[in-house]
There are 2 protein chains.
Amino acid sequence: MGRPSRKAAAAIEPAAKPTEVTGQSAGEIRAFRRSLPMALLKAREAVMARFRPLLHEHDLTEQQWRVLRALTTADEFRAGELARVSSISMPSLSRILRTLEKRGLIQRGIEDKDLRAAQISITPSGRDMIALIAPHSERRYAEITAAFGADRLATLYGLLDELADCLGGPDGGDGDEE
Amino acid sequence: MGRPSRKAAAAIEPAAKPTEVTGQSAGEIRAFRRSLPMALLKAREAVMARFRPLLHEHDLTEQQWRVLRALTTADEFRAGELARVSSISMPSLSRILRTLEKRGLIQRGIEDKDLRAAQISITPSGRDMIALIAPHSERRYAEITAAFGADRLATLYGLLDELADCLGGPDGGDGDEE
DNA sequence: CCGATTTATATAACATGTTAAATATTAACC
DNA sequence: GGTTAATATTTAACATGTTATATAAATCGG
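Only a predicted model underlies this, so the values are computations on that prediction, with no experimental measurement involved. (Residues numbered from 1 in each chain as written. Chains lettered and ligands numbered in written order. Predicted model: local features only at pLDDT ≥ 70, side-chain atom pairs only at ≥ 80, totals over all residues. Heavy atoms only, no water.)

Student: Help me out: how do you make sense of helix H2 (residues 62-71) of chain A in this one?
Tutor: Side chains three or four residues apart in an α-helix point the same way, a direct result of the helix having 3.6 residues per turn. Of all 10 residues making up H2 of chain A, 9 are buried, and the element is well covered by its neighbours. Considered for burial, the residues of H2 of chain A that qualify are Glu62, Gln64, Trp65, Arg66, Val67, Leu68, Arg69, Ala70 and Leu71 of chain A. (Buried < 20%, exposed > 50% of the residue type's maximum accessible area, 1.4 Å probe, protein only. Helix = DSSP H or I, 4+ residues; strand = E, 2+ residues; numbered from the N terminus.)

Student: How should the protein's contact with DNA strand D be read in this particular structure?
Tutor: Contacts to DNA strand D come from 27 residues, most closely from Ser92 and Arg95 of chain A together with Gly80, Arg108 and Arg116 of chain B. Considering DNA strand D, the proportion of its atoms within 4 Å of the protein that are sugar or phosphate atoms stands at 68%. Separating a phosphate oxygen of DNA strand D from a side-chain N or O atom of Arg52 of chain B is a distance of 3.0 Å. A distance of 3.1 Å separates a phosphate oxygen of DNA strand D from a polar atom in the backbone of Ala79 of chain B. A total of 5 residues in the surface near DNA strand D trace back to one element, the largest contributor, which is helix H4 (residues 90-102) of chain B. (Near = heavy atom within 4 Å. Polar contact = N/O pair within 3.5 Å; in protein donor to acceptor, adjacent residues only side chain to side chain.)

Student: Which parts of the structure should I look at to understand the packing of aromatic side chains?
Tutor: For any pair of aromatic rings, geometry is given as the distance between the ring centres together with the angle between the planes. For the coordinates displayed, the defined rule picks out 2 aromatic pairs over all chains. Where Phe51 of chain A meets Tyr141 of chain A, the ring centres are 5.2 Å apart and the plane angle is 55 degrees; that geometry is what we call tilted. One end of the pair, Phe51 of chain A, is in helix H1 (residues 36-57); the other, Tyr141 of chain A, is in helix H5 (residues 124-148), with 90 residues separating them in the sequence. Looking at Tyr141 of chain A, the relative accessible area reads 5%, which means it is buried. The lysine or arginine in question, Arg152 of chain B, covers the ring of Phe148 of chain B, its NZ or CZ lying 4.4 Å from the ring centre. (Phe/Tyr/Trp six-rings, centres within 6.5 Å; stacked < 30°, edge-to-face > 60°. Lys NZ or Arg CZ within 6 Å of the ring centre and 35° of its normal.)

Student: Just checking my understanding: could you explain helix H5 (residues 124-148) of chain B for this structure?
Tutor: Residues and elements named next belong to chain B. In a regular helix each residue adds 1.5 Å, so 25 residues correspond to 36 Å; H5 covers 35 Å between its end C-alpha atoms and thus fits that length. Where H5 bends most, at Ile133, the angle is about 35 degrees, and the proline Pro135 comes one to four residues later. After H5 finishes, the residue Gly149 shows a positive phi value of roughly 100 degrees. (Expected span 1.5 Å × (residues − 1). Bend = angle between axes of the 7 residues up to and from the residue.)

Student: In this structure, what is going on with the protein's contact with DNA strand C? I would like to understand it.
Tutor: What surrounds DNA strand C is a group of 26 residues, the closest being Gly80, Arg108 and Arg116 of chain A together with Ser92 and Arg95 of chain B. The share of sugar and phosphate among atoms of DNA strand C within 4 Å of the protein is 69%. Contact between DNA strand C and Arg116 of chain A: a base oxygen at 2.4 Å from a side-chain N or O atom of the residue. A distance of 3.1 Å separates a sugar or linking oxygen of DNA strand C from a polar atom in the side chain of Gln63 of chain B. The set of elements that each furnish at least two residues to the surface near DNA strand C consists of H1, helix H3 (79-86) and helix H4 (90-102) of chain A together with helix H2 (62-71) and H4 of chain B. For the surface near DNA strand C, the element with the highest residue contribution is H4 of chain A, accounting for 5 residues.

Student: Mind showing me how you'd approach the confidence of the model for chain A here?
Tutor: In low-pLDDT segments, the atomic positions of the prediction should not be examined closely. Residues and elements named next belong to chain A. Considering every residue of chain A, the mean pLDDT works out to 83; 76% of them sit at 70 or more. A low-confidence stretch, residues 1-27 (pLDDT under 50), is modelled with 31 contacts involving residues beyond four sequence positions or located in other chains. For the stretch residues 172-178, pLDDT sits under 50, and the model shows 6 contacts to residues farther than four places along the chain or on other chains. (pLDDT = per-residue confidence, 0-100. Contact = heavy atoms within 4.5 Å.)

Student: Hey, could you run me through unusual backbone geometry in this one?
Tutor: Backbone geometry follows two general trends: most residues other than glycine have a negative phi, and most peptide bonds adopt the trans configuration. Despite not being glycine, Ser87 of chain A shows a phi value in the positive range, around 55 degrees. Inspection of the secondary structure assignment puts Ser87 of chain A in the loop between H3 and H4. Judged by its relative accessible area of 13%, Ser87 of chain A falls in the buried class. Positive phi is not limited to glycine here, since Asp59 of chain B has a value of about 55 degrees. Note on placement: Asp59 of chain B falls in the loop between helix H1 (36-57) and H2. Judged by its relative accessible area of 58%, Asp59 of chain B is exposed.

Below, the structure is given as structure tokens:
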């Protein structure tokens, strides 16, 4: 309830120019807009907004789609591999595989040599699903490329890869660095 | 179980070079590695891996931190504003605010002129939390900037902003485009 | 061969993302 | 002025992210 209404102080944060990166005033906290995670998130949101409706039409989530797509790049996967390749955590992948198996889009087996290891593969039905969606997905990609420019897109890919590489090593990686 | 082991077909997907962006063979599906959402996700993961442990030490999630940070940029927020500024969906924000209020890090009131609208503000306790964490957060930022290069980081920020802008308009925005 | 450690996967518990629907309040229109 | 549409927020239901732990099987050491 009764907080003193000092709304005048609301404009503390100056509107950061696009080129202004080190937007920090005196002893204050880093300008909120210049948060790298936020910038990456917003860009990702904007991109996914183009793809989500398409996947949703076929009752697929983004992650389920990633798993199916990954499964087309090799004949069989172990769960751990699949998690790494599709950038999905093992707990999530475990649930996703259960769902996709129920829907008949993937198959699961067990390796002979290592009874712990799973053999995960896409089914013909799964391939049909991909064949159905992929062309539309490509169209969205083409739209994005046209809107943003192929050259800038290439630059962006490069920077993103380099950023992940550069942070993956020293400390940020999943390596056990007790 | 007994799936024919045609492992030879596993190499359909050519290993894309870093510079190769339009990695598409004949009628095949887009090279999985060249997925823009994936590239953005991996970069974000790499960055967040640097910050998450820090927040976790103080029992804060990334999103709770975003909300607190956003609340320092103005004296009061309505829930909708806060959701937009911190890039959190309203349903999530609703839960987050409940949690943060219980912990005494934020306060909630109601606007006189519009009884639907919330007046959300950070508490002194919330500011203390930020003051405690912010210096460490800044150090991580400095590390990332040093590792990646301030110039490339600036370029990346620019591209990410432009990508979000460019996709926000035509179709991808939240506008009801029935 | 047996116990301890590592590896591969799954579960549990809680927080958030996504979509849809509910609720409450305001604005609009006749 | 009262019904209807729009707005602000919440809740529900389900899927995923994050962390920790459990389970099972392989490996290592004695």
